[in-house]
Amino acid sequence: MAIETERKFLVKNDGFLPASVGHARIAQGYLSTDPARTVRVRIKGEKAFLTIKGASDPSGVSRGEWEYGIPVEDARELLALCGERIIDKTRYDVPVGSGQHFTVDVFYGQNEGLVLAEIELSRPEEPFERPEWLGEEVTGDPRYYNSALIACPYKQWR
């Protein structure tokens, strides 16, 4: 089992854009949104993935994660099972510090206006650079989980 350790932040402004080294449009839907086990299908550019995530630890920083590449056509069929509950976003890759990088997600549709940055770490206490565009930390706040944003989109709670 792989353990995902990440911290999540709101983004204050578009200062991340000049530092971005790439981006991709993402469509993702959830086959299960049970907090103990989420099952997600994602199409990112020309690739597709099926991801299973376990429950988060009490801090919301770490959880088990399994991700598998799948054929894009299979992913399209699985996304159709998700109905209207699809997350649409562009993900930017933004290097910081020595070998670390943030992924910055700019959301569309019912989550328009939400911009989140995540950094994956090797351990919860690993230090990292905090760029000026990085805002409030929302790690562990379940409202910002993608699986929660399909049930209660950002536009409904702003």
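Residues numbered from 1 in each chain as written. Predicted model: local features only at pLDDT ≥ 70, side-chain atom pairs only at ≥ 80, totals over all residues. Heavy atoms only, no water.

Draft legend 1. Examining the pairing of strand S7 (residues 100-107) more closely. Most of S7 sits out of view: seven of its eight residues are buried. Where strand S6 (residues 86-96) folds back on S7, the antiparallel hairpin that results is connected by three residues, among which Gly 97 adopts a positive phi of roughly 60°. In this sheet, strand S8 (residues 115-120) lies alongside S7 in antiparallel orientation, the contact comprising five bridges. Paired with Val 104 across the strands is Ala 117, a residue of S8. (Buried < 20%, exposed > 50% of the residue type's maximum accessible area, 1.4 Å probe, protein only. Helix = DSSP H or I, 4+ residues; strand = E, 2+ residues; numbered from the N terminus. Pairing = 2+ DSSP bridges.)

Draft legend 2. Spatial organisation of the UniProt feature "domain: CYTH" (unreviewed entry) in the chain. Per the UniProt record, "domain: CYTH" (unreviewed entry) is annotated on residues 2-151. In the segment residues 2-151, helix accounts for 9% and strand for 51%; the C-alpha atoms at its two ends are 27 Å apart. (UniProt positions renumbered as here; feature names shortened; annotations may be inferred.)

Draft legend 3. Structural context of the pattern of salt bridges. The full count for this structure, using the stated rule, is 13 salt bridges. Where Lys 8 meets Glu 118, a salt bridge forms, and the shortest distance between an N and an O atom there is 3.1 Å. Of this pair, Lys 8 sits in strand S1 (residues 2-11) while Glu 118 sits in strand S8; the two residues are 110 residues apart in sequence, bridging distant segments of the chain. This pair shows no difference in class: Lys 8 is buried, exactly as Glu 118 is. (Salt bridge = Lys/Arg side-chain N within 4 Å of Asp/Glu carboxyl O.)

Draft legend 4. Highlighting the UniProt feature "active site" (unreviewed entry) in the chain. With numbering aligned to this structure, UniProt lists the feature "active site" (unreviewed entry) at Tyr 30. Looking at the element boundaries, Tyr 30 is found in strand S2 (residues 22-34). Leaving out residues up to four positions away in the same chain, Tyr 30 has contacts with Thr 38, Val 39, Arg 40, Cys 82, Arg 85, Asn 146, Ser 147 and Ile 150. Side-chain polar atoms of Tyr 30 contact the side chain of Gln 28, separated by 3.1 Å. (Contact = heavy atoms within 4.5 Å. Polar contact = N/O pair within 3.5 Å; in protein donor to acceptor, adjacent residues only side chain to side chain.)

Draft legend 5. How the structure looks around the packing of aromatic side chains. Tallied over the full model, the rule gives eight aromatic pairs. Judged by centre distance (5.9 Å) and plane angle (65°), the rings of Phe 9 and Phe 128 are edge-to-face. In this pair, Phe 9 sits in strand S1 while Phe 128 sits in the loop between S8 and strand S9 (134-137), placing the two residues 119 residues apart along the sequence. Judged on exposure class, the residue Phe 9 and its partner Phe 128 are both buried. Each ring, one from Phe 16 and one from Trp 133, has its centre 5.9 Å from the other, and the planes form 65°; the classification is edge-to-face. Linking Phe 16 in the loop between S1 and S2 with Trp 133 in the loop between S8 and S9, this pair joins segments that are 117 residues apart in sequence. Residue classification places Phe 16 among the buried positions, given a relative accessible area of 3%. Clustering of aromatic rings is evident, with ring pairs tying together Phe 9, Phe 16, Tyr 92, Phe 102, Phe 128 and Trp 133. (Phe/Tyr/Trp six-rings, centres within 6.5 Å; stacked < 30°, edge-to-face > 60°.)

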